[in-house]
Amino acid sequence: MKARVIVTLKDGILDPQGKAIEGALKSLGIEGIDSVRQGKIFEMELAADDRTTAAGLLRSACEKLLANQIIENFQVEFL
Amino acid sequence: MGNNRQRMNTTIVLFPGSNRERDAIRAIEKTTGKKPSIVWHGETALPAGTGLVLLPGGFSYGDYLRCGAIAARAPIMDAVRAHATRGGLVLGICNGFQILVESGLLPGVLMRNANLRFVCRMQHLTVERADTAFTSHYRPGQVIKVAIAHGEGNYSADAETIKRLEGGGRVAFRYCDSRGGRNGDANPNGSINDIAGIYSENFRVLGLMPHPENLIDPLVGGIDGRGLFESLACN
């Protein structure tokens, strides 16, 4: 089973990398992008073949390692 | 106090990518008079009689995922946690501080420097209190000059945690200028309240971003870092 985990910064957390990317886009002449916040994607191949087991596993992976829950949120998508 | 110098046993934990252990070894040897033990992150026990666990600077696991994130989950960290629970001393310098916050031994988070630059320079700090195992050889409010070298030293925590840290006197060091003044430029990374280092609740775990271990020899241009290690040597 394939899954994708998306880790993003919580609202209100300073994202200087996002801001730097915003500035770079503008300086390339790409107008109309008002804000950018940068996140991470993890693409996983799981041995489990039922979604409930997989969801539990991925939640555990996120809570224990992939996301720092002080400043990051996570979302799980099944592909 | 003189005889105590022989008793402090230090264990330095090495992770793949640690690179400041030799400076830490030199600082410990010069002040405690004892060679520290070196333990690989994959071990599950600290040497018997360990008094101080030191997590050195560097780029453990290449800073992959988040700085210190993977190192914080290394096998040895359960033993470090147990040592801290028993009241043992733990010192995390730079990447070591990052590992301590990721492992939950200290609260908060260390984020990317607000100006996005890796800052490598001399830095003044105020020693907020001189009554801990780490700072007894300093004076309270003393301004010291040490080195910093980091890209992710921006200390942050929620309002509740900051209130608890400040209220409990758990801020160990703050960034300042040469006169102890706190203004924008004196803070290299945007950390809240100019926090450069913090203590655990029992004041036996210290994490700091600066490198006192590099300022122990007059040849380098300053010895303000000695005080921290001399304080520790008396434990």
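The structure under discussion appears in the preceding block.
Keep in mind it's a predicted model, so treat the numbers as computed, not measured.

J.: Could you give me a rundown of the pairing of strand E2 (residues 37–40) of chain B, with the residues and numbers involved?
T.: All names here are of chain B. In terms of strand pairing, strand E1 (residues 10–14) meets E2 through four bridges, oriented parallel. When the sheet's bridge partners are listed, Thr11 is paired in E2 with Ser37. A crossover connection joins E1 to the parallel E2 through helix H1 (residues 21–32); in handedness this β-α-β unit is right-handed.

J.: How would you sum up helix H3 (residues 95–102) of chain B? Please name residues and give values.
T.: Structural remark: α-helix, 3.6 residues per turn; residues separated by three or four positions point the same way. Residue and element names in this part refer to chain B. Counting buried positions over the eight residues of H3 gives eight, a clear majority of the element. All of the buried residues in H3 are Asn95, Gly96, Phe97, Gln98, Ile99, Leu100, Val101 and Glu102. Buried residues along H3 sit in contact with strand E3 (52–55), strand E4 (89–93), strand E5 (109–111) and strand E11 (205–208). Immediately beyond the C-terminal end of H3, within one or two residues, lies Gly104, with a positive phi of roughly 85°.

J.: An account of the interface of chain B and chain A is needed here, citing residue identities and associated values.
T.: Counting residues at the interface gives eight residues for chain B and eight residues for chain A. Residue composition of the side of chain B that touches chain A, grouped by class: five nonpolar, no polar and three charged.

J.: So, the sheet that holds E4(B): which residues are in play, and what are the values?
T.: Residue and element names in this part refer to chain B. Across the sheet, nine strands lie side by side as E2-E1-E3-E4-E11-E10-E9-E6-E7; this open sheet has mixed pairing. Since the sheet does not close on itself, it has two edges, and those belong to E2 and strand E7 (143–150), each with one partner. The mean inter-strand angle of the sheet, taken between neighbouring strand axes irrespective of direction, is 25°. Across three bridges, the pairing between strand E10 (residues 195–199) and E11 is antiparallel. Counted as the bridge partner of Ile198 is Gly207 from E11. Those strands touched by helix H2 (residues 76–85) are E1, E2, E3, E4 and E11, and its axis lies near 125° from that of E4.

J.: Help me get a handle on unusual backbone geometry, residues and values and all.
T.: All names here are of chain B. A positive phi angle, close to 55°, is found at Asn193, a residue other than glycine. Tracing the sequence through the fold places Asn193 in the loop between strand E9 (171–176) and E10. Not every positive phi belongs to a glycine, and Asp194 is a case in point at roughly 60°. Overall, the presence of 21 C-beta atoms within 10 Å leaves Asp194 in the buried class.

J.: Before we move on, could you go through the packing of H1(B) against helix H5 (residues 226–233) of chain B and cite the residues and values that matter?
T.: Helices that pack against each other are described as a pair by the angle of their axes relative to one another and the distance between those axes. Residues and elements named next belong to chain B. Relative to each other, H1 and H5 sit at 55°, their axes nearing to 9 Å. Taken as axis vectors, H1 and H5 run oblique relative to one another. The two elements H1 and H5 cross, and the hand of that crossing is right-handed. Two secondary-structure elements touch here, H1 through Ala27, Ile28, Thr31 and Thr32 and H5 through Arg226, Phe229, Glu230 and Ala233.

J.: Before we move on, can you summarise the environment of B:Ile70 with the specific residues and values?
T.: One can find B:Ile70 in the loop between E3 and H2. Those residues in contact with B:Ile70, other than ones at most four positions away along the chain, are B:Tyr61, B:Tyr64 and B:Leu65.

J.: Tell me what's going on with the pairing of strand E1 (residues 2–9) of chain A, and back it up with residues and numbers.
T.: Residues and elements named next belong to chain A. Across six bridges, the pairing between E1 and strand E2 (residues 40–45) is antiparallel. Residue pairing in the sheet places Val7 in a bridge with Lys40 of E2. Across seven bridges, the pairing between E1 and strand E3 (residues 72–78) is antiparallel. By the bridge assignment, Ala3 is partnered in E3 with Phe78.

Cut-offs applied
- Residues numbered from 1 in each chain as written.
- Chains lettered and ligands numbered in written order.
- Predicted model: local features only at pLDDT ≥ 70, side-chain atom pairs only at ≥ 80, totals over all residues.
- Pairing = 2+ DSSP bridges.
- Helix = DSSP H or I, 4+ residues; strand = E, 2+ residues; numbered from the N terminus.
- Right-handed = clockwise from strand over helix to strand, strands pointing away.
- Buried ≥ 20, exposed ≤ 12 C-beta atoms within 10 Å, placed from the backbone.
- Contact = placed C-beta atoms within 7 Å.
- Nonpolar A, V, L, I, M, F, W, Y, C, P; charged D, E, K, R; others polar.
- Axes fitted to C-alpha atoms, helices over the stretch in contact; angles between N-to-C directions.
- Parallel < 35°, antiparallel > 145°, perpendicular 65-115°, else oblique.
- Left-handed = near helix turned anticlockwise from the far one by under 90°.

Structural measurements only, silent on function.
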